[in-house]
Amino acid sequence: MILAVAISSALSASAGVYKFKMNGAQAKANVMLNWSDNDKWTTLNATDGEAKLDSSDFKPQYVDVVFGRSMRGTMYLDPKSDLAVTVDMETGKAECSGALADINRYLLNTEFADISRDQYGLEETAFLKVCDSVYAANKALMEKASLPADFKKKEELRLKYMSYMTLPMYPAYMYYKMQKQITPSAKFFTKLDELTKFNSEWLECPEYCQFLLSAQSCYTSNMEGDDEAKKFMDWTDKVNDAKVKEYIVDSYVMSAVSSQGIDGNEALIEYFKKNVTDAEKTSKLNELCGKWEALRAGKASPTFTGTDINGKQVTLESLRGKYIYIDVWATWCGPCRGELPHLKKLEEAYKDKDIHFVSLSCDQNKEAWEKMVTKDQLQGIQLHVGPNASFLDEYMINGIPRFIILDREGKIVKANAPRPSNPETAKLFDDLLKK
C-alpha cells in the first residue's frame, strides 16, 4: 500500500499552496499536520488522490504528521523549500525529493533510540546511565545523516530533550511501580538542573516544552508542603525568562482549571493574570472560567436521567433529600475500575448515612455495563447514561473517572470531588453529615 504525498512550497505565484498527492488503497485518506508553534491541527482532505494546504504564513518548524489511518511521524517544513514524500504504508518507509529531502528522509526513516518500559524501573544510577546512552545513540544517528548545519543545531536540541524526556518522570513512575515515595538523590537533581534551562528561543522545540512541564512537576512534587499551587508559584517565580515563564504558567493553570474548575484555584488564576500577557491565552482562560462559573459551589447542578439495570429511568431530582456522591465511569476505563474497591468500602462505611452513591456509566456498549454490574455485584445506584449525555458536557468531563458531590437540594458541593481512594473523601463526608 503506497501513500504518496507531495508538498509544494516554491516561492512563486503559487507560493503557500501545498499539494499532497496520494495513491493506493488510502488514496482518499486524510493527512493531518500538527504545528509545533501553536499545537493546532490542520486536516487536509484528499480529493481524487490530492490534498492541498493553502498557507504561506508559517515559519520553519517541526510538524507532527499523520498519514492516512495508521502511520505517523515527524517532519520539518519550511515555506521557502519544496518537498515530495512517498510513504509505503506497509513498511513505514518514506522516499523524499526536493530541497527538504535529506532532512525529512532522516526524520521519517530513522529508528531513534528510546527507553523501554522495562527500564523505567531501574535503580536510579542505572536509569541515568540509560538516559545518557539513549542521547548518545541518537546523536550518533544524526551525525550519520547528511543534514544542513543550521538544521543540525535545531535537531541536536530536539534529540536532547526527546532522549531525556522520561528523566523528570522517573520519581513519579517509581512511586507508581513501588507504591512508595522515593527521594531522588542529589545526583539526580544535578542532572535535572543541567537540563532544565530557560531559553525562550527553544520554545519552538516541542520536546523542550514537554520536558519543561515534566521538570516543573518533578521539582514541585519534591518540595515541602501540601499546597500544590503555592509550590508551583514559588518554583515558577525562579524562572528567569519571561516567555518561558508565561508558557509554563499558561500550561499549568489552564490544565488545573480545565480539570478542577474555579473553586480552590483563585490564587492560580490571579497568578496567571500577573504573568501571562498573550491576548489569545488570556481569552482562552477567561472563556474557560466562564464555563466553570456555572459549576461553582452552591450552584444548582445540571441534571441527568439514567437507566438502571432493570430498565427503570432515574433522574437526579428523584434523589434529592440526601447528599449525592456521583462517580462518572466506564467499564473500559482502568483507573475507573481501580477506584471500585475503594468506592465499595465507602459505600459500606456510609450505608446507613444520609448519602446516595450514584455511578453513572458513560459506556457506549450498554451490554458491557450490564454484564459488569451483574457479575461484580456493584452496589449503590448504578445507572447508564451513555457517552453523549448532556450531563457530561455541562460538567465539562473530558476524562474519567470524575467524582461530584451534591447537597440534599441538588446543589453543587464539589464539581470535581476527591476520589474514593483519597482519605480526604471520608473526611469531607463526615464534615457534610455534621451539618
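Residues numbered from 1 in each chain as written. Predicted model: local features only at pLDDT ≥ 70, side-chain atom pairs only at ≥ 80, totals over all residues. Heavy atoms only, no water.

### Things to note about the packing of helix α1 (residues 101-109) against helix α3 (residues 149-163)
To keep it simple, the criterion reads: In this analysis, axes come from line fits to C-alpha atoms, helices being fitted only over the stretch in contact, and the angle between any two N-to-C directions falls in the range 0 to 180 degrees. Put simply, DSSP H or I for four residues or longer makes a helix, DSSP E for two residues or longer makes a strand, and each gets a number counted from the N terminus. Every angle not falling under 35 degrees, over 145, or within 65 to 115 is termed oblique; those three ranges are roughly parallel, roughly antiparallel and roughly perpendicular. Left-handed describes a crossing in which the near helix is turned anticlockwise from the far one by less than a right angle; the clockwise case is right-handed. In what follows, residue pairs with any heavy atoms lying within 4.5 Å of each other are defined as contacts. Three classes are used: nonpolar for Ala, Val, Leu, Ile, Met, Phe, Trp, Tyr, Cys and Pro, charged for Asp, Glu, Lys and Arg, and polar for all others, with Gly counted as polar.
Between α1 and α3, the shortest axis-to-axis distance is 12 Å and the interhelical angle comes to 15°. Considered as vectors, α1 and α3 are oriented roughly parallel to each other. Crossing of α1 against α3: the hand is right-handed. Across the interface between the two elements, I103, Y106 and L107 from α1 touch F151, E155, R158 and L159 from α3. Here the residues of the contact of α1 with α3 are counted per class, giving five nonpolar, no polar and two charged.

### Describing the state of the cysteines
Selection criterion: The rule for a disulfide is simple: a pair of cysteine sulfur atoms within 2.5 Å. For the exposure calls, accessible area comes from a 1.4 Å probe over protein chains only, and a residue counts as buried if that area is under 20% of its type's maximum, exposed if over 50%, partly exposed in between.
All told, the structure shown has one disulfide when counted by the stated rule. Two residues, C333 and C336, share a disulfide whose sulfurs are 2.4 Å apart. Between C333 and C336 the sulfur-sulfur dihedral comes to about 80°; the bridge is accordingly right-handed. Neither residue differs from the other here; C333 and C336 are each classed as buried. C205 takes part in no disulfide bond, and the closest cysteine sulfur, belonging to C209, lies 7.0 Å away. Accessibility expressed as a relative area gives 3% for C205, which makes it buried. Here C218 is not cross-linked by a disulfide; its sulfur's nearest cysteine counterpart is in C131, at 12 Å.

### What to know about the sheet that holds strand β3 (residues 31-35)
What counts is decided by this rule: Only when DSSP finds a minimum of two bridges between them are two strands counted as paired.
The strand order β4-β3-β6-β7 describes an open sheet built from four strands, whose pairing is antiparallel. The sheet is open, and its two borders are formed by β4 (40-44) and β7 (71-77), each paired with just one other strand. Direction aside, the axes of adjacent strands within the sheet are offset by 25° on average. Two strands pair when backbone bridges link them, and β3 and strand β6 (residues 61-67) are joined in this way by five bridges, in the antiparallel orientation. Across the sheet, residue M32 finds its bridge partner in β6, namely V66. Those strands touched by α1 are β6 and β7, and its axis lies near 155° from that of β7.

### Things to note about the layout of surface pockets
Note the following rule: Throughout, the protein atoms alone are placed on a 1 Å grid, and a set of points is a cavity if a 1.4 Å probe fits but cannot get out or a pocket if it is open with protein on both sides within 12 Å along at least five of seven lines; lining residues have an atom within 4 Å of a point. Grid points are joined across faces, edges and corners, and a volume is the space filled by probe spheres set on the points.
Approximately 1,500 Å³ is the volume attributed to the largest pocket. Lining the largest pocket are 45 residues, and of these W35, S36, D37, N38 and D39 sit closest to its centre. Listing elements by their share of the lining of the largest pocket, those giving two or more residues are β3, β6, β7, α1, α3, α6 (206-221), α8 (242-260) and α10 (279-293). Of the residues forming the lining of the largest pocket, the biggest block, six residues, is contributed by α8. Along the lines of polarity and charge, the residues of the lining of the largest pocket split into 14 nonpolar, twelve polar and 19 charged.

Everything listed here is a matter of geometry and, on its own, says nothing about what the molecule does.
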